[in-house]
Structures are given as structure tokens and as C-alpha cells.
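The primary structure of each chain is shown beneath.
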Amino acid sequence: MDKIFKIITASILITALFSSCGNDFNINYKGDKLFTIIPSEYSNITFSNPVKQTKENNHIINVEFISGAGVAVGDINSDGLPDLFFTGNQVRDRLYLNKGNFQFEDISDNAGISTDNKWSTGVTFVDIDNDGDQDIYVCRSVYLEDEKSANQLYINNGDLTFTEQAKSYGLDDHGFSVQSIFFDYDKDGLVDMYLVNQPPSIPGQGGKLNKSMASNRLFSDKLYKNMGNNKFEDFTNQTNTRNFAFGLSASVGDFNNDTWLDIYVTNDFDVPDHTYLNQQDGTFKDASYETAKHISNFSMGSDVADYDNDGNLDIMVVDMMAEDHKRIKTHMGAMKPEAFWKLVNEGGHYQYMFNTLQRNNGNGTFSDLAQLAGVTSTDWSWAPLFADFDNVDDLALICKNNAVENGIGNYLRLKLNPTDQQNIYGTKVTLYQQGQLSQVFQVTNTRGYMSKSEDIVHFGMGNDLQVDKIVVEWQNGVRNILEKVNTNQLVEVYQKDAMLTDPLTKDTNQNLLFQNIAEALGLDKVVQKENNYNDYSKEVLLPHKMSQFGPCIGVGDVNGDKRDDFYLGAAAGYSGTLFIQNKNGKFDKIEQGAWTQDQKSEDMGIAFIDVDGDSDLDMFVVSGGNEFSPEDTALQDRLYINNGKGKFTKKANGVP
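Computed from a prediction, not measured in an experiment: that's the story for all the values here.

1. Here we look at the overall build of the protein
In step 1: Looking only at helices and strands, the protein features eight helices and 40 strands.
In step 2: A principal-axis box enclosing the C-alpha atoms of the protein has dimensions of 95 × 65 × 55 Å.
In step 3: Classification of the 656 residues of the protein by burial places 54% in the buried group.
In step 4: Taking contacts inside the protein between residues at least 6 apart in sequence as the whole, the part at least 24 apart equals 56%.
In step 5: Accessible surface, the protein: about 30,000 Å² in total, of which carbon and sulfur atoms supply 50%.
In step 6: Placing the 55 positive and 93 negative side-chain charges of the protein at their respective mean positions leaves the two points 4 Å apart.

2. Re the nonpolar core
One broad rule of soluble globular proteins: the nonpolar side chains tend to lie buried together.
In step 1: Grouped together as the largest cluster of nonpolar side chains are 41 residues, with contacts concentrated most on Phe183, Tyr194, Ala250, Ile263 and Phe284.
In step 2: Those elements that provide at least two residues to this core are strand 10 (177-183), strand 11 (192-197), strand 14 (246-253) and strand 15 (262-268).
In step 3: In terms of residue count, the dominant contributor to this core is strand 14 (four residues).
In step 4: Counting 37 residues, the second largest nonpolar core, distinct from the first, contains Leu171, Met193, Leu195 and Val485.

3. Here we look at empty space enclosed by the protein
In step 1: Applying the stated criterion across every chain, the model contains seven cavities of 30 Å³ or more.
In step 2: When its volume is computed, the largest cavity comes out at roughly 200 Å³.
In step 3: Lining the largest cavity are 21 residues, with Asn62, Glu64, Trp119, Ser141 and Gln198 sitting closest to its centre.
In step 4: Classifying every residue of the lining of the largest cavity gives 11 nonpolar, nine polar and one charged.

4. Remarks on the side chain of aspartate 455
In step 1: With respect to the element layout, aspartate 455 can be found in the loop between strand 27 (436-442) and strand 28 (457-462).
In step 2: Using a relative accessible area of 19% as the deciding quantity, one classes aspartate 455 as buried.
In step 3: There is a polar contact of 3.2 Å between the side chain of aspartate 455 and the side chain of tyrosine 425.
In step 4: Side chain to side chain, aspartate 455 and lysine 452 meet in a polar contact 2.8 Å long.
In step 5: In contact with aspartate 455, other than residues within four places in its own chain, are Gln134, Ile424 and Tyr425.

5. Here we look at helix 7 (residues 337-345)
In step 1: Where helix 7 is concerned, the buried positions are Phe340, Leu343 and Val344. With its buried residues spanning 100 degrees around the axis, helix 7 presents them on a single face. Among the exposed residues of helix 7, those oriented more than 90 degrees off its buried face are Glu338, Lys342 and Asn345.
In step 2: Structurally, helix 7 contributes buried residues whose contacts are with strand 21 (351-352).
In step 3: Count one or two residues on from helix 7 and you reach glycine 347, which has phi positive near 90 degrees.

6. A closer look at the pattern of salt bridges
In step 1: According to the stated counting rule, one finds 26 salt bridges in the structure shown.
In step 2: Of the charged contacts, one joins aspartate 186 and lysine 225 as a salt bridge, the two residues approaching to 2.4 Å between their closest N and O atoms. Note that aspartate 186 is positioned in the loop between strand 10 and strand 11 and lysine 225 in strand 12 (residues 222-228), a separation of 39 residues in sequence.
In step 3: In this structure, the salt-bridge partner of glutamate 454 is arginine 413, at a minimum N-O distance of 3.2 Å.

7. Some details on the sheet that holds strand 6 (residues 120-126)
In step 1: On the basis of which strands lie adjacent, the open sheet formed by four strands has the order 6-7-8-9 and antiparallel pairing. At either end of the open sheet lies a strand with only one pairing partner, and these are strand 6 and strand 9 (162-164). Within the sheet, the average angular offset between the axes of one strand and its neighbour, ignoring direction, is 20 degrees.

The rules behind each value
- Throughout this description, residue numbers start from 1 for each chain and increase along the sequence as written.
- Whole-chain, interface and lining totals are the exception, using all residues; otherwise, since this is a predicted model, local features are given only for residues with pLDDT of at least 70 and side-chain atom pairs are given and counted only at 80 or more.
- In computing side-chain properties, one takes all heavy atoms of the structure into account and sets aside hydrogens as well as water.
- Numbering goes from the N terminus for both helices and strands, where a helix is a DSSP run of H or I of at least four residues and a strand is a run of E of at least two.
- The buried label goes to any residue with under 20% of its type's maximum accessible area, the exposed label to any with over 50%, and the partly exposed label to all in between, with areas taken from a 1.4 Å probe on protein chains only.
- Contact between two residues is taken to exist if any of their heavy atoms lie within 4.5 Å; hydrogens are not considered.
- Residue-level accessible areas treat just the shown protein chains as cover; the underlying method is Shrake-Rupley with a 1.4 Å probe.
- Charge assignment in this entry is limited to Lys and Arg as positive and Asp and Glu as negative, and neither His nor the chain termini are counted.
- Each charge is placed at NZ for Lys, CZ for Arg, CG for Asp and CD for Glu.
- In these notes, a set of buried Ala, Val, Leu, Ile, Met, Phe, Trp, Tyr and Cys residues joined through side-chain atoms within 4.5 Å is what counts as a nonpolar core.
- Points on a 1 Å grid, built from protein atoms alone, make a cavity when a 1.4 Å probe fits but cannot get out and make a pocket when they are open with protein on both sides within 12 Å along at least 5 of 7 lines; residues with an atom within 4 Å of a point are the lining residues.
- Grid points are joined across faces, edges and corners, and a volume is the space filled by probe spheres set on the points.
- Only Asp, Glu, Lys and Arg are considered charged in this grouping, and only Ala, Val, Leu, Ile, Met, Phe, Trp, Tyr, Cys and Pro are considered nonpolar; every other residue, Gly among them, is considered polar.
- A 3.5 Å cut-off defines polar contacts: any pair of N or O atoms within that distance qualifies, except that in protein one atom must be a possible hydrogen donor and the other a possible acceptor, and neighbouring residues in sequence count only when both atoms are side-chain atoms.
- By construction, the arc corresponds to the directions joining the helix axis to the C-beta atoms.
- We define a salt bridge as a side-chain nitrogen of Lys or Arg found within 4 Å of a carboxyl oxygen belonging to Asp or Glu.
- Note on pairing: two strands pair once DSSP finds at least 2 bridges between them.
- Whenever a helix is involved, its axis is fitted only over the stretch in contact; in every case the axis is a line through C-alpha atoms, and angles between N-to-C directions fall within 0 to 180 degrees.

Below you can see the structure in the form of C-alpha cells.
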């Protein structure tokens, strides 16, 4: 849960960085706090991103006006110190060189960074030309002006200067871009790029999509394939990733443990998020409906990590639900039941205005545990940016982390060094302790929202002073295996030293407590039908629907053959069903019985009990539901008497 907390609070710490006073700041002062805020007077980072609304461009007519900008971490001169690139909306972008000891120098002018203020959004570092140093890709989105929205690619000249070459690489996309993420989707060793685009917000329509714009490929996300020789081509249609939505972020990871990289794309407003599963043939399949029961509605930033250390990558998506009860209720207009069900019925998935923590079940499905984890409601949340700014090998989040200095826990950091024509993105690092999987980390190019973290693999090791085994699995299938590695150090791992071995695939049935045997019992066709009732039409402040608590189930031997039978209750307007177990171990369905006459009622509970003392089980059914008035006869509980052979007769006035 600690990892999730850092995700939620990132924006608070970033804000604090630029608001502190540092006239008498001492960088070596440890204090009793886990984090020390570094004042701008000391760090020399003075960048800010104020936005001023105008008549032509404001939050009323442009819903993306206050979507913010990004920050990326990368080492542009290979000195081991992470440098920073900030994007600005109405101010110019800035590049800060890390001089050490938490102090930076603004080298934007000398580095050749554009001085214009054409509304930059996301940013990332990537060695796009495979020459060993970090280049910079900047997304742009100038409101209603696609000709001014060409994305920028700064190629590192190796001397702290850059040359903008997006057009020559084929990456000067004009599609109102939000963020890019580089990864090798086809395992050819070259970094490809997924680009999150969105259509412009139309005045008077808010977050509603103008469907007439859907045919314009400019407004779709793009997947650019690296063709080699510093050229990219648009493979969006060939890869089945064409879409039309207000996308805000993309995260990459191997979600189904097949060693191929998949993509999770978050979308604001009504279009559901995309879960693009890699089909291993150069195409993707959107499996959002198959993998998740429900998703966030106003999805913003996302992150992928194995938060529960079970070896499967989980997905965190942040939304905008308020933290306190009063503000939740005053913002309920955004979640109208009529609009919700209309969206569901039109194929828009089940979308709720909450953060979601999708735990990977390891079998191709995810379970949202955000409610149980206590991370559903964190207001307007974005995402984290992790980096080691002080080079003392502890985790810092735009402020100095005092964990190491104060003797709190241990760490292990790994720097991955690929061979020529290979890259680190998608490389999976697995730690083992005492023969058991301990932690998993998969390297990805961008994380969170419009931003990029450092490329160093960082593990918090708690009290462990040594790791029994480390397995580094590269995208081309080779692996490094390190044993008995001491913690509290940076370990360099070289792909050239790796060996080709069988991939580390996971058994999806490993350690499962239950197995689905519905088909073997003849119960795979059983479906519970709910009546159509809107609780909120009468009680708008309900925390959740009170009319859908079923179905109830009761188990007992109703015909005396020493086999368990069961009764499955039904919602109002439907009849319950009795299932009699036969000698083959399957169940015969009895849909018509004494209970059928009471299908107006909603079955809320059932008990098999011998009420008349004749040594067989009678059936007592509790009626309930939220759709009835207190005096409605449908709320009357019911008693059905068994004839000893599983045939029931309703006993009139059997229950007061």
C-alpha cells in the first residue's frame, strides 16, 4: 500500500518544491522527516507553468485547458546525474542540467531548446537513434491549430546541445498530442512509439466527442513503427490501434506474462480505456471488456507495477472523485444513472468516477481493489515521478529522501546496459529470496501523466542486506542471472553477458484455491437476471443501490437422497429456481414450483428447515428489496412445505 500512497501524493510534493524558502537551507541536514523539500533558491529550478484564460481559450470552451504539462528525468550527458526537462503550456520549455548535490543549471538556450510557447504537453527521454545518449521527444497541442501542433524531437549532439529533427524522423505528428511512450512492440530490437492524441474540445460541447471528426486520422492515437535508419512510419491501422477519444496517458507492460508488451490507454469522459493486448503478430486486440469488470470514468494518469509482489503487473488509474462526503455528493451530477446506463447499453463499459487499482489475477483478468485499499477518492490526482536526485541511492520524489541517512530500510539499484540495436524498455527484473519470488520490476519509458521517470531499476529491500537471486530478462529472450547480491549499491548489468534460456512464463493455475467446475455440474448456463429499478430516483443520496443484493442461495437435501440440492433466489419480477442433484453429480433445474406464484417478491434470504417435524426440509424465503413501499404485500416472507420428495406447497399465513 505504501507504493500506492506515493502515487497519489506526487503532485503535493511537486507543488511544495516550488513554494519553499531556502535562504538558510542546509542540504546535509537530515532532520526527523522522511523527505526534505528542496527550495528553488537552492536547486536553481525556477520553472513554473501558469496559465491565463482568454476569451479565445479558456476552460469553459476548452476542457483540456487545465490538463497541465510534463516533466521528464534523463541523463543527457551520461555523468550519472539525472537531468530534468519541463514542458510549458503558455511558457517555453526548460532543460535543467544536474550539477550534483541537488543543484541544477538552466541550459535551455545553449542546448537549442525552442523559445516559443506553443503549448507543450508530455515529454520523454529516449535514445531514439541508438547512439548511446538521451534524446528528447516533446508533444504539442495548440488549441484548434493543428498546423502549430507538430511534436518535436531533439536529437542529442553529445555536447549538451540538441537539434530538432522530428520531421526527418517522421514523428512530427500534428494530432493534438498528450504523451508518447517508446517500446519495442514487435521484438525487432528497435524502439517504436505509441502516441496519445485527442480531438480538440469544441466550444459548447464540453467533453462530448464530435462524431463527425472520428474519420479524421489526425485525432486518433498513433503507433509509429521504427523502420530503422532513423525513420518511423505510421502503423496505426495495421496494428488495430485506431481510436477516437480524449486520451490522457498510456502505460506499457506485459500484462499476461507472454513476454510481449501490451498497452493500457486511459481516456477522459465517456470512451472506455483501452487494454491493447499484443497478439505477437504485429497487431493488438482491445480486451478491456474481457479483462476488467469495470473501469474509471474520467481516467487521467496511470501506472503499471507489481504492487502486491505476486509476479503480475497491476494497473493503477487515477480519476477525480473528491475525498470528503459533502463534495462527493455535490459533484454527483457527473454520474447520472440515466447517462451511466445509456453508456453501458451502447457498449461503453461500466465506468465509475473513482480511482481503480486493477489487481492482476494472473489469468487474463483484473480485479479492482481500490475500495479495499482505500485509494478510490483522492480528488484530481495525476501520477508519480520517481528519481534518485542526490545520487546516494535512495528514492527521491522531487525532494530529498532521507531514508538512507536515517537508517530506514535498504535498497538495490540496477543500471541496465543493452547491446547495440537493443533497448532496455520491457526488460523484466525479478528478485528471489529463499527460493520464492520477492519483487518484479519491468522497465518502461514513460510513467504516470505526461512524464518520465529515470531508467534505473530501484528496489526497496526493507531489512534485507542481500538478494539471493536476480533474474534480468531482456526483450530478445536472453537472461542475466545474478546470485548473492549485496544491497545498498548500484549494480550494472550488461546484456552482452546474458544467455539465451527458456522464458520465465507463469503457470496461471499456480496456487489457485478454487477451480471453476460449473460446466462439469451442468450449471454454466445459469444466469441471474435483475429487474430494472433506479434506487436513486427516490433516494438520490444513497451510497450505492440497495435493490441489488441478490441472489440468495440455500443448500439442503430436499428429496432425501442424501445429495445436496440448492435453491437460487431471484430478483423482483422473476421466479427463483430449485436445483436437484442427480446420481451423476449434475443438477436438474426446477423452474416452476410453489414459489413461482410469488415472483413479484424479491428473494433476499432462504433457509431450509423442518418446520413441521416430518423429517424433511421445508423452505423459508425472506422477501425484501428497496423498490417496494413499506405496506406492499411483496415484502411478505413465505413458507413452503415439503412433501418429502422435493415438491413444495405454499402454506398460507404460515409466516406472520
